[in-house]
Amino acid sequence: MAGRYQSDLTRNDVTPRAAWLNRRQLIASGASSLALASIAGPAAASLGAKKTDYGQDLVPNTLEEISSYNNFYEFGTDKGDPARYAHMLTTEPWSVDIDGLVDKPGTYSFDDLLDGMTLEERIYRFRCVEAWSMVIPWVGFELADLLEKVGVQDGARYVAFETAVRPDEMPGVRRPTIEWPYREGLRLDEAMHPLTIVATGIYDEPMPNQNGAPIRLVVPWKYGYKSIKSIVRISLVADQPETSWNMLQPREYGFYSNVNPNRDHPRWSQKTERKIGGGLFSRRIDTLMFNGYEEEVAGLYEGMDLIENH
Amino acid sequence: MTAKQKINIALGRLPAWLLYATAVIPPVWLLYLGQTGGLGVEPIKELEHRLGELALQLFIVTLAIRPLRDWSGINLLKQRRALGLITFFYVTLHLLVWLVLDVGILSEIWADIVKRPYITVGMAAFVLMIPLAITSNNRSLRKMGPKRWKNWHKLTYPAAVLGALHFVMLAKGFQIEPLIYLGITLLLLAARFRLPRKAAMA
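Residues numbered from 1 in each chain as written. Chains lettered and ligands numbered in written order. Predicted model: local features only at pLDDT ≥ 70, side-chain atom pairs only at ≥ 80, totals over all residues.

K.L.:
Is there a simple way to think about the overall build of chain B in this case?
P.N.:
When helices and strands are tallied, chain B shows 10 helices and 0 strands. When its helices and strands are written in sequence order, chain B yields α-α-α-α-α-α-α-α-α-α. Relative to a compact globule of 202 residues, whose C-alpha radius of gyration would be 17 Å, chain B shows 18 Å and is just as compact. Taken along its principal axes, the extent of the C-alpha atoms in chain B is 55 × 40 × 35 Å. (Helix = DSSP H or I, 4+ residues; strand = E, 2+ residues; numbered from the N terminus. Rg over C-alpha atoms; globule rule 2.2 N^0.38 Å.)

Here is the structure:
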């Protein structure tokens, strides 16, 4: 059921297409603002996502920003590597194995997954643990809807996710940067939270490969690495699953990884962040508790020590 | 006259001012790129990283000068001081970008230096280089005397190791590139202690 969550944000004007068409296209077409209407824009089909009130007060980053500065180590550790190499990834056909404590386990094709789902636009803040951030107009559906579709059995307390590992298509996995496949996990109540979505697009168009095509997780109150990309496996499990960065550096990366300006990460101060797109002289801004979603999600962690359980 | 001698004579004529003038070009070019979109959508980090990388590369070039002479006879010792100073110049720019453009909040800067080991290590490398930069002139050499001056300038070695270590420590996951920098740095230092110095007799 889409639309579980009611936002009290006011609906502003929908971001004009011109605002996010990347500059290069504008320049290449020699467009004056009058000519804008005739620009075809990226040649992808519109997903027809339902507009929602989410994040209407936020200014989204441009598609160029969102798709050129990525952490997707399967394609390399440089921020530009995903944009450089992700075109090699075959996203059609795509299937996701859903297993563990579910009523209807199996291999679901991309179309099977989307069957019965309502695609919505959700404009969310995105906060990387490296202290940079973006605002992204995702298109997706609530993970809760998918979990309800496959039937979560009693005893399932966590959801585990895995990213594809394809050495032929992902140059980064030929090196042992981390232990592949990339793994992430959520507590079941986090997974069922209406803010948690499975995204299949950005700006009402299919997900760029470098952003985790064709299907990825988005958990806006957690650091970006929790929002696992190019998912091939979803498991409902009883015990807390292993998660990649936690496996590598437990002191630095906890299981929860909620955005928390008060919890000092050993590597980066989490008090502030820089929103991508401000150029050479852009200043840092304060990081918000739960990335600004405190009102919605703080209840999930009532009574928990958020420093200890970082 | 052998080819090597010809090379050495040509190199000997290479004036330091030319090196200094050339050294100004990359940072200015990077700033220009940063302002015009050439450094991507996060130009501050990119500028910071490129300057840091240039500094490490120059550090390696500077350290390679003596082993190069020992092994091949090609003599760049005359240019070494300029290269060392240029390395320091790049390290300073790298630090300035971090201080002013990247963090820009005084309390955060101090907290970062104290709390984050890779920043502590990087800062230590910078601090070690300060006396070297200050005494990189003939007057200091005369005042200190060559022996003391040389001893002081051995601070270059720990500074180089700390600089490379700074790069290794800030990498996430297992990454090869920073380890290559550290490996080359250590090799160049080891070369100073192990190899017979036949060139010293020449």
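K.L.:
How should the overall build of chain A be read in this particular structure?
P.N.:
Scanning chain A from terminus to terminus reveals 9 helices and 12 strands. Across the 310 residues of chain A, 44% fall into the buried class. (Buried ≥ 20, exposed ≤ 12 C-beta atoms within 10 Å, placed from the backbone.)

K.L.:
How should the interface of chain B and chain A be read in this particular structure?
P.N.:
One frequently used descriptor of interface size is the decrease in accessible area upon assembly of the parts. In this assembly, 18 residues from chain B lie in contact with 24 residues from chain A. Among the secondary structure elements, those contributing two or more residues to the side of chain B that touches chain A are α2 (16-35), α3 (43-72) and α5 (106-115) of chain B. Looking at which element gives the most residues to the side of chain B that touches chain A, the answer is α5(B), with 4 residues. Residues that form the side of chain B that touches chain A fall into these classes: 7 nonpolar, 6 polar and 5 charged. (Contact = placed C-beta atoms within 7 Å. Nonpolar A, V, L, I, M, F, W, Y, C, P; charged D, E, K, R; others polar.)

K.L.:
Quick question: what am I supposed to make of the sheet that holds strand β1 (residues 95-100) of chain A here?
P.N.:
The strands making up a sheet associate through backbone hydrogen bonding, with each pair oriented either parallel or antiparallel. All names here are of chain A. If you walk across this open sheet you meet the 5 strands as β2-β1-β10-β5-β6, and the pairing is mixed. If you trace the sheet from one side to the other, it starts and ends with β2 (106-109) and β6 (183-187), each paired once. Strand-to-strand twist in this sheet, taken as the mean axis angle between neighbours without regard to direction, amounts to 20°. (Pairing = 2+ DSSP bridges. Axes fitted to C-alpha atoms, helices over the stretch in contact; angles between N-to-C directions.)

K.L.:
Sorry, what's going on with the nonpolar core here?
P.N.:
Soluble globular proteins: nonpolar side chains tend toward being buried together. One finds Trp138(A), Val159(A), Val198(A) and Ile202(A) to be the most contacted residues of the largest nonpolar core, which totals 70 residues. No other element matches strand β4 (residues 132-142) of chain A, which puts 6 residues into this core. When neighbours within four sequence positions are excluded, Val159(A) is seen to be in contact with Gly185(A), Leu186(A), Leu188(A), Ala191(A), Ile234(A) and Leu236(A). If you look at the next biggest cluster of nonpolar residues, it comprises 34 residues, including Leu54(B), Leu85(B), Ala125(B) and Ala159(B). (Core = buried A, V, L, I, M, F, W, Y, C linked by C-beta atoms within 7 Å.)

Any link to function would need more than the numbers given here.
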